[in-house]
Amino acid sequence: MSTDNLPQSPGQPPRKPRVAVVFGGRSSEHGISVVTAGAVLKAIDRTKYDVLPIGITRDGRWALTADEPERMAITERRTPSVGELAESGEGGVVLPVDPTNREVVYGEPGSVPKVLGEIDVVFPVLHGPYGEDGTLQGMLELSGVPYVGSGVLASAVGQDKEYMKRVFTSFGLRVGPYVVIRPREWERDEPAARKKIVDFAGEHGWPLFVKPARAGSSIGITKVDDLSGMDEAIAEAQRHDPKILVEAALRGREIECGVLEFEDGPRASVPAEIPPPDAHAYYDFEAKYIDSTPGLVPAPLTPEETAEVQKLAVDAFEAASCEGLVRADFFLTEDGEFVINEINTMPGFTPISMYPQMWRASGVEYGELVDRLIQAAMRRSTGLR
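Anyway, here's the lowdown on the structure attached to this text. (Residues numbered from 1 in each chain as written. Predicted model: local features only at pLDDT ≥ 70, side-chain atom pairs only at ≥ 80, totals over all residues. Heavy atoms only, no water.)

**Looking at the pattern of salt bridges**
Next up, step 1: Scanning all chains against the criterion turns up 34 salt bridges.
Next up, step 2: Arg379 serves as the salt-bridge partner of Glu263, at 3.9 Å between the closest nitrogen and oxygen. Of the two residues, Glu263 sits in the loop between β12 (252-262) and β13 (265-268) while Arg379 sits in helix α12 (residues 366-379), which places them 116 residues apart along the sequence.
Next up, step 3: Arg379 gets classed as partly exposed once you look at its relative accessible area, which sits at 38%.
Next up, step 4: Of the charged contacts, one joins Arg385 and Glu323 as a salt bridge, the two residues approaching to 2.8 Å between their closest N and O atoms. Within this pair, whereas Arg385 is found in the segment after α12, its partner Glu323 is found in the loop between α10 (303-319) and β15 (325-333), the two being separated by 62 residues in sequence.
Next up, step 5: Salt bridges here are not isolated pairs; linked through shared partners, they connect Glu141, Glu261, Glu323, Arg380 and Arg385. (Salt bridge = Lys/Arg side-chain N within 4 Å of Asp/Glu carboxyl O. Helix = DSSP H or I, 4+ residues; strand = E, 2+ residues; numbered from the N terminus. Buried < 20%, exposed > 50% of the residue type's maximum accessible area, 1.4 Å probe, protein only.)

**Concerning the sheet that holds strand β5 (residues 103-107)**
Next up, step 1: Pairing is antiparallel in the open sheet, where 3 strands are placed in the order β4-β5-β6. Whereas interior strands pair on both sides, the edge strands pair on one side only; in this sheet they are β4 (92-94) and β6 (114-118). With direction set aside, neighbouring strand axes in the sheet form an average angle of 25 degrees.
Next up, step 2: Alignment of β4 against β5, held across 3 bridges, turns out to be antiparallel. Residue pairing for β5: Gly92 is matched across the bridge by Gly107. (Pairing = 2+ DSSP bridges. Axes fitted to C-alpha atoms, helices over the stretch in contact; angles between N-to-C directions.)

**Here we look at the pairing of β6**
Next up, step 1: With 4 bridges joining them, β5 and β6 adopt antiparallel strand pairing. Its bridge partner lying in β6, Tyr106 is registered against Lys114.

See the structure below:
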């Protein structure tokens, strides 16, 4: 999509595409989404694009926020929130629902709504439910507004770890042992649900990892070393998602690989390795974002291993029908096999996050990465494709 095709007044120079950066949201990953938005806002080339920051508060209100990336950083070990950045405590932003009209409207109680102008593409940097899981993508499809990242199906598959694993298995990708406890199982027969986990532990051994099935950023995950810690782990996972996933521990190295959509199709970055963090039991939220545990980029792999994990990352991208970007996470097991753990359709995107680091090591700097994602979104139409 070129600026030649954008609406403009007669005699006026072509206007720049307007990018709405949407961030925050109702999930437990709200704060990291705000941090990501700050990095993206700072990186967008203002000579090429106009920018409209839109934050979604923790209770779901779409707020107009100031374009002040410096306020969107982790300070004193705490993440920022949209509520702190909103220009009003009551005003709301409304995106169009008519595909023939892309005007964004802002309104305050008792005031005449104000038209903020048209948007040409949405850059949703939301993580978790109500944003990364296909819900926002469905709304944008109805509105006919192009957006960065995967569509409805791929976003939903990428959010739900159970169905993600089922899709990967059907495409011949190797996944680790797991068991799922759905809310109805827990409600109908809690002892039977517990026995399902105990039997799984008996088959695969300890430790186990208990996770929310539809959350990210390692939030709500507990490493359980024996049965005594199971109840607390289940309760913590269910705080974030009534559906939980229990995985067997895999002995091996944690390897990540980024996938980015270029004009000729998806390509893989150099991979990275996540070494075991010294101060944490595993690579949890604090290790990722608060203590910034460094990864090894590129990963110390053989050329053959590098080529294999890059191929598998692209295979996972294609298997889930992804678009734009993906971070694929693997274990390189002790027997030399790559096992895919999960994909993230909107991975951590702060400057210290592994996805930008891997692409920087592959020759794509952060600003170019942001630009490529916007351009890829503008090349695509909404609807069936």
